[in-house]
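Secondary and tertiary structure notes
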Amino acid sequence: MRKSVRRVGLRAAGARWLGLGSGGSKAAGVRTVALVGGLAVVVLSSTVMAYGNQPDSRPLDVLGYALLVATAAGLAWLPGRPVVALVVTMAAAGACFALGYAYAFWPVPALVAMFAAIAAGRRSAGWTGAALLVAVPAIATAAHPGLDRVVGVVIWALLVLVVAQPAEVSRARRAYVAEVERRAAEAERTREEEALRRAQEERLRVARELHDVTSHTVSVIALHAAVAAEAVERAGGPPEASAALQVIRASSRQALAEMKGVLGVLRPGSRRPPPGTAQLPALAETAGLPVDLAVSGSPRPLPPAVDLAVYRVVQEALTNTMRHAAATHATVTLTYDEAAVTVRVDDDGAGSRAPRGHGLTGMAERVAAAGGRLTTGDGPTGGFRVDAWLPA
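Another aspect to go through is the overall build of the chain. When helices and strands are tallied, the chain shows 11 helices and 5 strands. In the chain, the proportion of contacts linking residues at least 24 apart, taken out of those at least 6 apart, comes to 69%. For the chain, the exposed area adds up to about 22,200 Å²; of that, 63% sits on carbon and sulfur atoms.

If you want it as structure tokens, here you go:
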């Protein structure tokens with residue numbers, strides 16, 4: 001098993017070195033230059049030395065040297081166009097064979113190109129090249145038969161098959177790896193789609209719960225508050241009770257409106273925008289205590305996250321003021337600067353001595369998520385101050 005893995009690893013490494021694997025273009029270029037230069041030296045030197053042992057062969061001339069260089073130079077197309085490299089190297093090697101130059105290593109570049117073509121998935125071209133590499137010397141041997149020639153052709157055919165077989169293994173391995181990567185990507189995409197589907201189902205379930213339970217309860221509160229307010233007015237009850245009931249009614253309606261916005265966010269296809277600075281006047285009117293709203297600077301559209309954060313800061317600050325501070329008045333100041341917006345809420349209540357609950361923590365988290373900062377504490381003239389700076 002280890003030997004098999006080692007052989008596959010060596011074949012894969014060979015394919016990568018030939019420019020068939022992944023890697024930077026610069027590294028592939030260096031490998032190609034090294035391959036072409038090394039084989040050119042091997043082809044030229046082996047042919048020069050072989051001429052001494054083959055006196056009947058054609059002496060090397062300018063054409064011979066050019067063809068020998070072409071057999072190696074054809075591998076320059078190997079990284080991107082292995083079929084072109086195979087055609088060039090085979091044509092140069094065939095010319096060397098036909099012209100009768102000394103037998104040497106000049107078919108080796110054609111074997112390399114054949115390996116690269118098959119390993120790259122160009123099986124038809126690669127095996128056609130292999131057949132031609134065997135057929136050319138076989139035809140020449142048939143024309144001039146001889147035992148030495150026949151033995152040479154058989155050995156050459158076996159050598160071509162020995163080179164082609166690991167090329168097929170490399171091609172199969174590359175196809176297997178590509179299929180595994182495709183299936184992994186498909187599985188990842190399926191998991192993401194399943195997660196999105198489950199998240200959407202959960203959002204729809206929460207939306208149904210809000211609509212069926214909470215919205216109904218708030219609607220009942222608004223309805224009974226309206227009935228109670230009318231009953232108090234008819235009975236001539238205290239105006240404070242009537243005013244409180246009107247505030248409850250208005251706040252309930254506002255809660256219903258905001259809940260519809262939340263349901264629109266949870267349900268797909270919603271077009272209802274979230275609340276922002278444009279709804280601050282309505283928020284001040286339904287706060288349950290007198291609120292003065294002041295705006296300075298040049299009002300302009302804010303980023304959606306900042307616009308929503310401003311509204312939520314004012315909403316939470318006024319809610320804390322009404323519930324905990326025992327205040328009788330509050331002031332909301334919205335200041336537009338060149339690159340930021342500042343919202344400040346002051347009241348005349350008990351200041352930091354009053355309990356505030358967890359609203360300030362959520363307020364600080366919302367402001368930080370929008371890229372701003374929040375400061376809270378006693379106001380300069382008493383009461384409590386909430387000051388938020390937000391980038392605009």
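According to the stated counting rule, one finds 8 salt bridges in the structure shown. Residues E168 and R123 are paired through a salt bridge, measuring 2.9 Å at the closest nitrogen-oxygen approach. Note that E168 is positioned in helix α7 (residues 147–235) and R123 in helix α6 (residues 123–143), a separation of 45 residues in sequence. Accessibility expressed as a relative area gives 14% for E168, which makes it buried. Overall, the relative accessible area of 41% leaves R123 in the partly exposed class. Here the salt bridges share partners, and the residues they tie into one network are R123, E168 and R171.

The next subject is the packing of helix α5 (residues 108–119) against α6. A pair of packed helices is characterised by two quantities: the angle between their axes and the separation of those axes. With their axes 7 Å apart at the nearest point, α5 and α6 run at an angle of 155° to one another. With respect to α6, the element α5 is oriented roughly antiparallel. Judged by the twist between their axes, the crossing of α5 over α6 is left-handed. Contacts between α5 and α6 involve A110, L111, M114, A117 and I118 from the first element and R123, G126, W127, A130 and L133 from the second. Here the contact of α5 with α6 is built from residues that sort into 8 nonpolar, 1 polar and 1 charged.

On the basis of which strands lie adjacent, the open sheet formed by 5 strands has the order β1-β2-β3-β5-β4 and mixed pairing. Each end of this open sheet is capped by a strand with a single partner; those strands are β1 (291–296) and β4 (373–378). The average undirected angle you get between the axes of adjacent strands in this sheet is 10°. Pairing of strand β3 (residues 340–347) with strand β5 (residues 384–391), which is carried by 7 bridges, proceeds in the antiparallel orientation. For R344, the partnering residue across the bridge sits in β5 and is D387.

Of note, V262 is situated in helix α8 (residues 239–266). A residue is classified by how much of its surface remains accessible, and V262, at 36% relative accessible area, is partly exposed. For the pair formed by V262 and P274, sequence separation is 12 residues and the distance between their alpha carbons is 8.0 Å.

The subject of this paragraph is the side chain of D347. With respect to the helices and strands, the residue D347 is situated in strand β3. Residue D347 is classed as buried on the basis of its relative accessible area of 7%. Looking at D347, its side chain comes within polar contact range of the side chain of T321, at 3.0 Å. A polar side-chain atom of D347 sits 3.0 Å from the main-chain amide nitrogen of G349.

Tallied over the entire structure, the rule returns 2 aromatic pairs. Note on F97 and Y103: the rings are 6.0 Å apart at their centroids and 15° apart in plane angle, and the pair reads as stacked. Given a relative accessible area of 48%, Y103 falls into the partly exposed group. Considering the side-chain rings of Y103 and W106, the 6.4 Å spacing of their centres and the 55° angle between planes classify their relative orientation as tilted. Ring pairing ties together the aromatic residues F97, Y103 and W106, which thus form one cluster.

Counting residues in hydrophobic clusters, the biggest one holds 32 residues, and the most contacted among them are V291, V310, V314, L318, V341, V343 and L390. Of all the secondary-structure elements, those providing two or more residues to this core are α9 (280–285), α10 (304–324), β2 (330–336), β3, α11 (359–369) and β5. A per-element tally of this core places α10 first, with 8 residues. Those residues in contact with V310 that sit more than four places away from it in its chain are T277, L280, L302, L334, V341, V343 and L390. In this structure, A72, V112, V160 and A164 belong to the second largest nonpolar core, which totals 27 residues.

Covered by surrounding structure in β2 are A330, V332, L334 and Y336 only, the residues T331, T333 and T335 on the alternate face being uncovered. Taken together, β1, α10 and β2 constitute a β-α-β crossover, and its handedness is left-handed. Sheet topology note: the β2/β3 ladder contains 7 bridges and is antiparallel. Residue pairing in the sheet places Y336 in a bridge with V341 of β3. Counted along the chain from β2 to the antiparallel partner β3, the turn is 3 residues long.

Moving on: the environment of A326. As for its placement among the helices and strands, A326 is situated in the loop between α10 and β2. Since its relative accessible area comes to 68%, A326 is described here as exposed. Distance in space between the C-alpha atoms of A326 and D348 is 8.3 Å, their sequence separation being 22 residues. The residues touching A326, leaving out its near neighbours within four places in the chain, are T321 and G349.

Rules and cut-offs
- Residues numbered from 1 in each chain as written.
- Predicted model: local features only at pLDDT ≥ 70, side-chain atom pairs only at ≥ 80, totals over all residues.
- Heavy atoms only, no water.
- Helix = DSSP H or I, 4+ residues; strand = E, 2+ residues; numbered from the N terminus.
- Contact = heavy atoms within 4.5 Å.
- Areas by Shrake-Rupley, 256 points an atom, 1.4 Å probe, with all protein chains shown as cover.
- Salt bridge = Lys/Arg side-chain N within 4 Å of Asp/Glu carboxyl O.
- Buried < 20%, exposed > 50% of the residue type's maximum accessible area, 1.4 Å probe, protein only.
- Axes fitted to C-alpha atoms, helices over the stretch in contact; angles between N-to-C directions.
- Parallel < 35°, antiparallel > 145°, perpendicular 65-115°, else oblique.
- Left-handed = near helix turned anticlockwise from the far one by under 90°.
- Nonpolar A, V, L, I, M, F, W, Y, C, P; charged D, E, K, R; others polar.
- Pairing = 2+ DSSP bridges.
- Polar contact = N/O pair within 3.5 Å; in protein donor to acceptor, adjacent residues only side chain to side chain.
- Phe/Tyr/Trp six-rings, centres within 6.5 Å; stacked < 30°, edge-to-face > 60°.
- Core = buried A, V, L, I, M, F, W, Y, C linked by side-chain atoms within 4.5 Å.
- Right-handed = clockwise from strand over helix to strand, strands pointing away.

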